[in-house]
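# Coordinate analysis (summary)
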Amino acid sequence: MLVKERMTSPVLTITPDVSIQEGLARMHQDKVRRYPVVDKHGKLIGIVTEGDLMNAKPSEATTLSVWEITALLSKITVERVMTEKVITTTEDCPIEEAARIMADNEISALPVMREKSLVGMITETDIFHILLEMMGGRIPGVRVTVEVVNKRGKLYEIAGIIQKLGGDVLGMAAILGTRAETRIVTLKVQGLKLDDLREAIKPAVEQIIDIRETTAK
């Protein structure tokens, strides 16, 4: 899966001359938490978040009345509070690479560029939705987490056991195990009873960490 398959396009943007009050009003109206900032030619020059706008305040605010503070806030523009060094990605970037970039840089979104043009936005919410789909989170079935020896063919073996029982694997994810030679695997299975699945896969795994029935949400 590539970024272009899940990015939001076209992108809602804002210009640097907009006041922070107007910027916040637009965010609430558009139901977004950030805007890429573009100049009059549409070139990406920054990014501004709801937090940036809400935390903006005049440096001399402590000595002013509430009316004076309000007047000054109306004059502070997006350009004053936006982040200018924007981390971006491209349309053909794998979705897991985009997620890594966001995690490593502790950011919640990436503007998507096609050469010098802004063509989309991928956010942490998009990543969460993908995870939900990959794990069959909205589909009823049996969710089982097991620890297995990390060797070639092990996942194929488990999938084969499920297939022979008449079950269907709807989603799967694997992470590092409790030991260097193991992996922890979670599968979402449909078409099998919980007890039947438990007994069938028990000989093929190191341990069954968790198994439960889930309902559609």
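The structure this text deals with has already been given above.
So, a few notes on the structure that sits alongside this text. Since we're looking at a predicted model, the values are computed, not measured.

The subject of this paragraph is the overall build of the protein. Secondary structure assignment for the protein yields 9 helices and 9 strands. Taken over the C-alpha atoms alone, the protein extends approximately 70 × 40 × 35 Å along its principal axes. By the burial criterion, 36% of the 217 residues in the protein qualify as buried. Of all intrachain contacts in the protein linking residues separated by at least 6 positions in sequence, the fraction that spans at least 24 positions is 63%. Looking at charge distribution, the protein has the averaged site of its 29 positive side-chain charges lying 3 Å from that of its 31 negative ones.

For the rest of this paragraph, the subject is the pairing of strand β7 (residues 168-176). Two elements, β7 and strand β8 (residues 182-190), share 8 bridges in a ladder whose sense is antiparallel. In the sheet register, Gly171 faces β8, and the bridge partner there is Lys188. Hairpin remark: β7 followed by β8, antiparallel, with 5 residues in the connecting loop.

Within the secondary structure, Ile184 is located in strand β8. C-alpha of Ile184 to C-alpha of Glu199: the two residues are 15 residues apart in sequence and 18 Å apart in space. Every residue in contact with Ile184, bar those within four places of it in the chain, is listed here: Thr145, Val146, Glu147, Ala173, Ala174, Ile175, Leu176, Gly177, Thr178 and Ile209.

Here the focus is the nonpolar core. Grouped together as the largest cluster of nonpolar side chains are 17 residues, with contacts concentrated most on Val144, Val146, Ile162, Leu197 and Ile201. Only β6 (141-149), α8 (154-164), β8 and α9 (194-201) provide two or more residues apiece to this core. Aside from chain neighbours lying at most four places away, what touches Leu197 is Val142, Val144, Ile162, Val189, Leu192 and Ile211. Formed by 14 residues, the second largest nonpolar core is a distinct cluster that contains Ile14, Val18, Val48 and Ile76.

A word on the sheet that holds β6. Each strand in a sheet pairs with its neighbour through backbone hydrogen bonds, running either in the same direction (parallel) or in the opposite one (antiparallel). Judged by pairing direction, the sheet is antiparallel, and its 4 strands sit side by side in the order β7-β8-β6-β9 without closing on themselves. Edge strands, defined here as strands with exactly one partner in the open sheet, are β7 and β9 (207-214). Within the sheet, the average angular offset between the axes of one strand and its neighbour, ignoring direction, is 15 degrees. Alignment of β6 against β8, held across 8 bridges, turns out to be antiparallel. Residue pairing across strands places Val142 opposite Val189, the latter belonging to β8.

Turning our attention to the packing of helix α6 (residues 95-105) against helix α7 (residues 124-134). Each pair of packed helices can be described by the angle between their axes along with the distance between the axes. Running from N to C, α6 and α7 point in directions that differ by 130 degrees, and their axes come no closer than 11 Å. Between α6 and α7, the angle is such that the two are oblique. Regarding α6 and α7, the two cross each other, and that crossing is left-handed. Contact with α6, carried on its side by Ile95, Ala99 and Met102, involves Glu124, Ile127 and Ile130 of α7 and no other residues of that element.

Calculation notes
Residues numbered from 1 in each chain as written. Predicted model: local features only at pLDDT ≥ 70, side-chain atom pairs only at ≥ 80, totals over all residues. Heavy atoms only, no water. Helix = DSSP H or I, 4+ residues; strand = E, 2+ residues; numbered from the N terminus. Buried < 20%, exposed > 50% of the residue type's maximum accessible area, 1.4 Å probe, protein only. Contact = heavy atoms within 4.5 Å. Lys, Arg positive; Asp, Glu negative; His and termini not counted. Charge placed at Lys NZ, Arg CZ, Asp CG, Glu CD. Pairing = 2+ DSSP bridges. Core = buried A, V, L, I, M, F, W, Y, C linked by side-chain atoms within 4.5 Å. Axes fitted to C-alpha atoms, helices over the stretch in contact; angles between N-to-C directions. Parallel < 35°, antiparallel > 145°, perpendicular 65-115°, else oblique. Left-handed = near helix turned anticlockwise from the far one by under 90°.

Note that every value here comes from positions in space, so none of it alone points to a role or purpose.
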